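# Fold and contact review
Spelled out, the chains give:
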Amino acid sequence: SSWGSSWGGKGGKDGKDDRGKGYSKGGGALGSAFGGRDRDGKEPWVPGRGRNPDLENEGSGRGNRWFSDHDDRMGGGGGDRDRDRGGDRDEPFVQKRRDASPGSWRNDKFEELIVERQKAKEDEERKKQEEKEEKSKNSALYPYKVLISDTVSFCYNKIINDSSCCLDQQMDAGVRRDIVRRNRTEWFCGKSCYSSTKGRRGDDAFYFPESADCDSPRLLWVHGGSWEYGSPTTDGYAQLASKIATRSGAVVMLPDYPLAPQGNYSVIMDHILHALRYLATARLGELACEPAAGKRAPLFIGGDSAGGGTALSMVLKLKLDGGWNPSGIDTSIPNELPNGEILAGAVFFSPWTNLRCDSPDYYFNSFARIVGAGGGVYTGDLMFRGHPYQNLDQFTANAESYVGTNSSLLTDPVASPFFAGERELGGGGLPPMHFSVGGSESILGDSLIFAQKAALYGADIQLDVHVGMWHDFPMYSEGCGHGAELWQAIRVLNKTGMFIKKVAAARRVALDFGLLWPPAKFHPGTPQTSYVYDLTREGTEQWFPEALDTATIQMSYIDIGLSAAPPASASSGPSVVVVAAASAVLGAALMLAMQALAARAWVRRSPEVPEVKRPLLIA
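The following paragraphs examine the structure supplied in this document. (Residues numbered from 1 in each chain as written. Predicted model: local features only at pLDDT ≥ 70, side-chain atom pairs only at ≥ 80, totals over all residues. Heavy atoms only, no water.)

Applying the stated criterion across every chain yields a total of 17 aromatic pairs. Consider the rings of Phe367 and Tyr378, whose centres lie 6.0 Å apart with planes at 15°: the pair is stacked. Here the residue Phe367 occupies a position in the loop between helix H13 (361-364) and strand S9 (368-372), and Tyr378 occupies one in strand S10 (residues 375-379), the gap between them amounting to eleven residues. Classification of Phe367 as buried rests on a relative accessible area of 18%. (Phe/Tyr/Trp six-rings, centres within 6.5 Å; stacked < 30°, edge-to-face > 60°. Helix = DSSP H or I, 4+ residues; strand = E, 2+ residues; numbered from the N terminus. Buried < 20%, exposed > 50% of the residue type's maximum accessible area, 1.4 Å probe, protein only.)

Now the structure itself:
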């Protein structure tokens, strides 16, 4: 007994001796029986190692019984147990083991445990096989790939494992990038700055397509990142800007505005306004442009996520302060942009417009994993996977950081466009706007509700809801590394390029006819809304052929301008393009004729105006 105790004590005390390691850490018979410990005291027992809970407090009241690798080799037991068997404590245990009769208490118990363990293992393997067969059966009945494409499924799984992964990595070929440092735009991203791009900041990035000239549209893009992250050259924005530039033919400018906490709503808005003024008259580097009066390049603004909310705030600010007054349009004089410039149009990807963060989609589009016999599937917004109330708290804290100490801005109709009303939206002055949003977004309502209100007050609104897509999905057009493009993202990029081309063309026509831009409507309307389903999967051509979808995209711009051929990446037959083009030309001619008649009627209704010294209003 002392021999077993000393070995067990040494192993349990320091574990440095090979024998001590065997008895102490491995649950050795000698060490365990007389003071040693197994690995953690809780490890499931297996034959030949560790504690056997089935043998606790059995036999003659000797308490716990232990087995080990040494026990298997030597016959187990020591000290008191040897004396119980009449053996000498120094006698080799292997002899005791060999002498044990097949029906002895110890061997019977050991064999029972082996049989039970083998049976449990077989049951587990059988259960796994049954689950595999059931899953295969369910897959045949309800094939997952029939519901969503391989690319979407791949993106889902990748983003769930890492929500910061998978942004586009490749810039479009032929796009040139210039970095420009304007006066008084520098700021410093220090320790309190959340962005990973530290140090001196404030330089703008310009992206030029190969076709760029002085008449090309100009787009100011306000990058997202919760007003706390991102830059013009990181987080996928260089790639996004290049793709928009290629498809639209526009020169794209991304300003590096101050991020929170250095920047708040007032600071960021001031920075964006100065960037827009700069873009309106910029010489554009080697292009050396000198915009002539009346023939200025069309000016657009856009943004995504938080940046989309700021861009939309700027649209409303320019409408109120820069040329439009619902109470007296005939006396309004543009004063915010150089030479009375007015925005040609605006585009938004998943804009954050409600700083109160309380639309129902925070609940109904919350992330969830559904587990069943067919395996686990995911629904909701992949980007924000917390509990709905947790997401609400985090978004609200972010919004409060954006508005600073002025909490009233959370519901201000300009800072938080979700709350805009007739004063901000009615009476004309809003440019045509295009919204692209994911159908599974937490902030889906931020676009839907604003779009409906703006259209109600006469704004020209187009809204595309892409079913099943997550927040800011157009930035994943390369397919998250799957090898195939994400069709929904490519469609948004193509349609954005087409929108900019069409609106720019319509603006030029309006100016040539002496009509004021943007068109003003004084009758209630609704947004032109499309719910976009994936048309790349097998069988979807029976729902809505892609050629018809392409034609629908073209026809959606009839009311604002001329037709143009679809992007090279879009697929459509020649007959579809011809029909769409002819319809667009007819629609544009009808639109201009109606505008001319309405303009003359507007002048007749205003005899107190002796002379019209500016382009006529489009009624």
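The rest of the description comes next.
Okay, the pairing of strand S4 (residues 204-208) next. Burial runs high along S4: five of the five residues are buried. Alternating residues of S4 divide into Asp204, Phe206 and Phe208 and Ala205 and Tyr207, and every residue in both groups is buried. Looking at chain direction, strand S1 (residues 176-180) and S4 are connected through five bridges and run antiparallel. Pairing of Ile179 across the sheet is with Ala205, part of S4. In terms of strand pairing, S4 meets strand S6 (residues 251-254) through three bridges, oriented antiparallel. (Pairing = 2+ DSSP bridges.)

It is worth spelling out the state of the cysteines at this point. By the definition in use, this model includes four disulfides. The disulfide bridge from Cys155 ends at Cys480, spanning 2.1 Å between sulfur atoms. With the S-S bond torsion at 105°, the cross-link from Cys155 to Cys480 turns out right-handed. Pair noted here: Cys155 is in helix H9 (residues 150-161) and Cys480 is in the loop between strand S12 (461-466) and helix H17 (487-512), with a separation of 325 residues, a long-range link. Linked covalently through their sulfurs, Cys165 and Cys166 form a disulfide whose S-S length is 2.1 Å. As the torsion about the S-S bond is roughly -65°, the Cys165-Cys166 disulfide counts as left-handed. Each member of the pair, Cys165 as well as Cys166, is classed as buried. The connectivity of the disulfides in the protein chain is 1-8, 2-3, 4-5, 6-7, where the numbers refer to bonded cysteines in sequence order. (Disulfide = S-S within 2.5 Å.)

On the surface, a nonpolar cluster with roughly 540 Å² of combined accessible area is contributed by Val467, Tyr531, Tyr533, Trp543 and Phe544. Inspection of the secondary structure assignment puts Val467 in the loop between S12 and H17. In this structure Val467 comes out as partly exposed when scored by relative accessible area, which is 33%. (Patch = residues over 30% accessible without salt bridge, like charges linked within 9 Å, V, L, I, M, F, W, Y side chains within 5 Å. Areas by Shrake-Rupley, 256 points an atom, 1.4 Å probe, with all protein chains shown as cover. Salt bridge = Lys/Arg side-chain N within 4 Å of Asp/Glu carboxyl O.)

Moving on: the pattern of salt bridges. Oppositely charged side chains are able to pair whenever their charged atoms sit close together. Within the structure shown, the criterion is met by 20 salt bridges. In this structure, Glu186 engages Arg200 in a salt bridge whose closest nitrogen and oxygen atoms are separated by 3.9 Å. Of this pair, Glu186 sits in the loop between S1 and strand S2 (187-189) while Arg200 sits in strand S3 (residues 199-201), and the two are 14 residues apart along the sequence. Among the ionic pairs, Glu424 bridges to Arg423, the shortest N-O distance being 3.3 Å. Given the relative accessible area of 6%, Glu424 is considered buried. One salt-bridge network, held together by shared partners, links Asp172, Lys243, Arg247 and Glu478.

Structurally, the position occupied by Ser350 is in the loop between strand S8 (345-349) and H13. In this structure the side chain of Ser350 is engaged in a polar contact, spanning 3.1 Å, whose partner is the backbone nitrogen of Asp472. (Polar contact = N/O pair within 3.5 Å; in protein donor to acceptor, adjacent residues only side chain to side chain.)

Turning to the sheet that holds strand S11 (residues 433-438), a few remarks are in order. An order of S1-S4-S6-S5-S7-S8-S11-S12-S13 is seen for the nine strands of this open sheet, with the pairing classed as mixed. Both outer strands of the open sheet, S1 and strand S13 (528-532), are each paired with one neighbouring strand and no more. For this sheet, the mean angle separating the axes of adjacent strands, direction not counted, is 15°. As paired strands, strand S7 (residues 299-304) and S8 are joined by five bridges and run parallel to one another. (Axes fitted to C-alpha atoms, helices over the stretch in contact; angles between N-to-C directions.)

Just distances and angles here, no functional claims.
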